[in-house]
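Analysis of the macromolecular model
Okay, here's what each chain looks like letter by letter:
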Amino acid sequence: MANLFKNIFTKNNKLDTNQLIAKKTFLSFFFFFVFAGAAFWGWKWLRSQPSDSGKTSAPIRKVLDANEKVFDGLLSDKHLTKEYPKSLAANPARANGNLGLKSAFDPNTWVMNVIKAKGDTLKITLDDIKKLPKTEITFNFKCIEGWSQITNWGGVRFSEFMIKYGLSEEAAMKYLGLSTPDKEYYVGIDMPSAMHPQTLLCYELNGQPLPMNQGYPLRLIIPVKYGVKSIKRIGDMYFSNERTPDYWADKKGYDYFSGL
Ligand SMILES: Nc1nc2c(c(=O)[nH]1)N[C@H]1C(S)=C(S)[C@@H](COP(=O)(O)O)O[C@H]1N2
Ligand SMILES: [Mo]
């Protein structure tokens with residue numbers, strides 16, 4: 001036995017076959033238990049770490065945040081979501097999710113409140129929005145729940161809206177926030193994604209005004225993100241250098257960026 005240990009931990013070229021097998025077998029088990037122990041200990045440690053509000057433990061959240069930074073860096077105006085011929089768009093389009101759409105709502109008094117950085121508020125009507133240059137997009141809309149559908153939308157580029165309304169100070173901030181008029185649903189979006197050329201303040205679906213359950217009178221369409229971020233029926237718009245609140249990220253720990 002003493003010999004075996006000596007053979008294992010010292011270099012010895014004169015071992016016979018049986019001794020060699022014994023040595024290799026011992027080393028295999030030895031390292032198996034060392035690594036299994038380390039993995040188990042690591043897992044215990046990970047689970048014992050404090051969680052963020054979304055129930056993701058802090059070290060995992062750190063990795064997610066690092067990933068987000070990488071994807072953030074990859075996103076640029078040069079990366080456009082693929083567009084399709086309008087003829088391929090689903091009609092009618094599938095409607096999904098009605099948070100913030102159930103409260104009593106009067107289309108005649110609707111305005112979008114744009115809460116500026118200094119605190120004063122612009123009240124924007126649907127007619128104001130329609131005066132801006134119109135853009136259409138037909139793309140594959142992807143829901144995080146696993147379905148996708150090619151759909152056609154019309155509206156004004158968010159970036160053009162920001163420029164036309166002199167919101168350059170706001171556009172220079174890090175995050176955009178949008179909520180429904182009743183504040184039940186809300187999304188937080190990093191500004192580079194909001195300013196992406198395919199992001200629309202949208203008022204048409206298949207060339208028609210948005211149906212009520214798809215966000216009449218105005219919704220966001222943001223093709224660089226999963227569908228969760230395309231909030232229907234915008235009430236308030238606000239800006240911040242800190243992350244703005246986000247329904248699914250805050251309640252369920254979904255990835256804040258939800259980028260594609
Ligand atoms: N106000 C509001 N907007 C919302 C939702 C919602 O529940 N309420 N659901 C989101 C999700 S998860 C998806 S996939 C899309 C669905 O858009 P659609 O109904 O036009 O298909 O809207 C997003 N915007
Ligand atoms: Mo979704």
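In the block above lies the structure referred to throughout.
Let us look at the structure shown here. (Residues numbered from 1 in each chain as written. Chains lettered and ligands numbered in written order. Predicted model: local features only at pLDDT ≥ 70, side-chain atom pairs only at ≥ 80, totals over all residues. Heavy atoms only, no water.)

It is worth spelling out the site of ligand 1 at this point. R94, N96, L99, R219 and K232 are the nearest of the 19 residues found near ligand 1. Between ligand 1 and the protein, one listed contact pairs an oxygen atom with a backbone N or O atom of R94 at 2.7 Å. K232 is positioned with one of its side-chain polar atoms (N or O) 2.5 Å from an oxygen atom of ligand 1. Protein burial of ligand 1: of its 530 Å² of free accessible surface, 97% is covered by the chains. In terms of residue class, the shell around ligand 1 is built from nine nonpolar, seven polar and three charged. (Near = heavy atom within 4 Å. Polar contact = N/O pair within 3.5 Å; in protein donor to acceptor, adjacent residues only side chain to side chain. Areas by Shrake-Rupley, 256 points an atom, 1.4 Å probe, with all protein chains shown as cover. Nonpolar A, V, L, I, M, F, W, Y, C, P; charged D, E, K, R; others polar.)

As a further point, take unusual backbone geometry. In this structure, P92 follows N91 across a cis peptide bond, with omega equal to 5 degrees. Topologically, P92 is positioned in the loop between helix 3 (58–74) and strand 1 (112–115). Across the junction of Y216 and P217, the peptide omega takes the value 5 degrees, indicating a cis bond. Among the structural elements, P217 can be located in the loop between strand 8 (208–209) and strand 9 (219–221). The phi torsion at K183 lies on the positive side, around 65 degrees, for a residue other than glycine. (Helix = DSSP H or I, 4+ residues; strand = E, 2+ residues; numbered from the N terminus.)

Ordered in space as 2-1-10-5-6, the five strands form an open sheet in which the pairing is mixed. Lying at the two open borders of the sheet, with one neighbouring strand each, are strand 2 (121–124) and strand 6 (186–190). This sheet shows a mean twist of 20 degrees between the axes of neighbouring strands, independent of strand direction. With five bridges connecting them, strand 5 (residues 175–179) and strand 10 (residues 236–240) associate as antiparallel partners. Across the sheet, residue L178 finds its bridge partner in strand 10, namely M237. (Pairing = 2+ DSSP bridges. Axes fitted to C-alpha atoms, helices over the stretch in contact; angles between N-to-C directions.)

A separate point is the pairing of strand 5. Counting buried residues along strand 5, five of its five residues qualify, which places the element largely inside the surrounding structure. The turn linking strand 5 back onto strand 6 is made up of six residues, and K183 within it adopts a positive phi angle of 65 degrees. (Buried < 20%, exposed > 50% of the residue type's maximum accessible area, 1.4 Å probe, protein only.)

Taken as a whole, this structure holds ten aromatic pairs when the rule is applied. Relative to F141, the ring of F139 lies with its centre 6.0 Å away and its plane at 50 degrees, an arrangement referred to as tilted. A ring pair is formed by Y247 and W248, whose centres lie 5.0 Å apart and whose planes are at 80 degrees; its orientation type is edge-to-face. With relative accessibility at 22%, the residue W248 sits in the partly exposed group. Grouped by ring-pair contacts, the aromatic residues Y185, Y186, Y247, W248 and Y254 constitute a single cluster. Of note, K229 hangs over the ring of Y256, and the distance from its end group to the ring centre comes to 4.6 Å. The side chain of R233 reaches across the aromatic face of F105, ending 3.9 Å from its centre. (Phe/Tyr/Trp six-rings, centres within 6.5 Å; stacked < 30°, edge-to-face > 60°. Lys NZ or Arg CZ within 6 Å of the ring centre and 35° of its normal.)

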